[in-house]
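# Architecture and fold: a report
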Amino acid sequence: MRKLAIGAALTGALALTGLAAPLAQAATPELVFSGVTVNKGKAIVVGTTAAVKVPVTYTLTRPADLVVDGKTTFAGIMLYRGKLADMENDIDGTLAPTCRTTATTDTTVTESCSDTITVDPEDNLYETADATTWNVAGFYAHSTYDLDDSDDKISASSDFAAWGNKGKVKIQRAARLTANASPEPVKKGRTITVTGKLTRADWERGTYTGYVSQPAKLQFRAKSSSTYTTVKTVTTGKGGALTTTVKAAQDGYFRYVFAGTATTGAATAAGDFIDVK
């Protein structure tokens, strides 16, 4: 299992000392995470360079005597791929959610919380398998350490717990789409060739690569109109290339539209104007 980012943050002090021994484990409190919403219920679409800020909201019920200070004690939301006990990849929140108390009892405090999970393709997404449906979990973590070795002793302890199956969210590759209509100008009734290219983010290579065998709709909007209509559907070929022909009828704009797939976000090309004489 890839090392949890939250675990890395909590054991940073030990990392500075060069120690790699396991930390002592303490008892964990029982937390209840409910009503978790990630990215407003929408898929997270990620390109090759820009980090995506993902909003998260949830309700947290904790013991009344538990103080979540964001310094040594943390609670929040994380995304994970695979099994909870054997995560293939994971992405944590900022560790500093904003929470507002909504109810209390003698033993519990209920809070309405919001947070941000940053999905960075260079730091968090490593392979094509990451373009899939991720699970959502709530987590708790606590860390204490004493690195003062003046008495020839240092110590550290940590506590981590995660509650899985709090929701699901898709992480998809971003797509790009182009369109070019030619020749221009063109006489009415002559043949127009509309080319384009569909590419999508390749997180392993850090670039966009062609997406083959995918349907894209060729659409047209007359110069005097604000509405596009579908002319035909074209399938991408080698390198994600698109090409088809139509008859020139009137001035207007041609574009390609890709609806997206389970692993790849939708894309719409900018309309390319054709001047019909």
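Just above, that's the structure.
Quick summary incoming for the structure in this document. (Residues numbered from 1 in each chain as written. Predicted model: local features only at pLDDT ≥ 70, side-chain atom pairs only at ≥ 80, totals over all residues. Heavy atoms only, no water.)

## A few points about the nonpolar core
Applicable threshold: Among the buried residues, those of types Ala, Val, Leu, Ile, Met, Phe, Trp, Tyr and Cys that are joined through side-chain atoms within 4.5 Å form a nonpolar core. When accessible area is computed with a 1.4 Å probe and restricted to protein chains, residues below 20% of their type maximum are described as buried, those above 50% as exposed, and intermediate ones as partly exposed. For helices the rule is a DSSP run of H or I covering at least 4 residues; for strands it is a run of E covering at least 2, with both sets numbered from the N terminus onward. Contacts were defined at the residue level, with two residues in contact if any of their heavy atoms lie within 4.5 Å.
The biggest cluster of nonpolar side chains holds 31 residues, and the ones touching the most others in it are V38, I44, L79 and I171. The set of elements that each furnish at least two residues to this core consists of strand 2 (32-38), strand 3 (44-46), strand 4 (52-63), strand 5 (73-83), strand 8 (108-119), strand 9 (133-146), strand 10 (155-163) and strand 11 (168-173). Here this core gets four residues from one element, more than from any other, and that element is strand 4. Filtering out sequence-adjacent residues up to four positions away, I44 remains in contact with V38, N39, V52, V54, L79, V119, V169, K170, I171 and Q172. Residues L177, F220, A267 and I274 belong to the second largest nonpolar core, which totals 24 residues.

## Brief notes about the pattern of salt bridges
Keep this limit in mind: Definition used for salt bridges: Asp or Glu carboxyl oxygen within 4 Å of a side-chain nitrogen of Lys or Arg.
By the definition in use, this model includes six salt bridges. A salt bridge links E88 to R81, with the shortest nitrogen-to-oxygen separation between them at 2.6 Å. Of the residues examined, E88 reaches a relative accessible area of 45% and is grouped as partly exposed. On the basis of relative accessibility, which here comes to 7%, the residue R81 falls in the buried class. Residue D275 pairs with K277 through a salt bridge whose shortest N-O separation is 3.2 Å. Bridged by salt links that share partners, the residues R81, E88, E127 and D130 form one connected network.

## A few points about the packing of aromatic side chains
Which entries qualify depends on this criterion: Any two rings among Phe, Tyr and Trp, with Trp reduced to its six-membered ring, count as a pair given centres within 6.5 Å; such a pair is stacked if its planes are under 30 degrees apart, edge-to-face if over 60, and tilted if neither.
A full pass over the atoms with the stated rule returns five aromatic pairs. Seen from their ring centres, F33 and Y58 are 5.9 Å apart, and the 45° between their planes marks the pair as tilted. Note that F33 is positioned in strand 2 and Y58 in strand 4, a separation of 25 residues in sequence. The exposure class of Y58 is buried, given its relative accessible area of 2%. Arranged with centres 5.9 Å apart and planes meeting at 80°, the rings of Y211 and F258 form a pair that is edge-to-face. Placement of Y211 in the loop between strand 14 (207-210) and strand 15 (215-222) and of F258 in strand 18 (residues 252-258) is noted, with a sequence separation of 47 residues between them.

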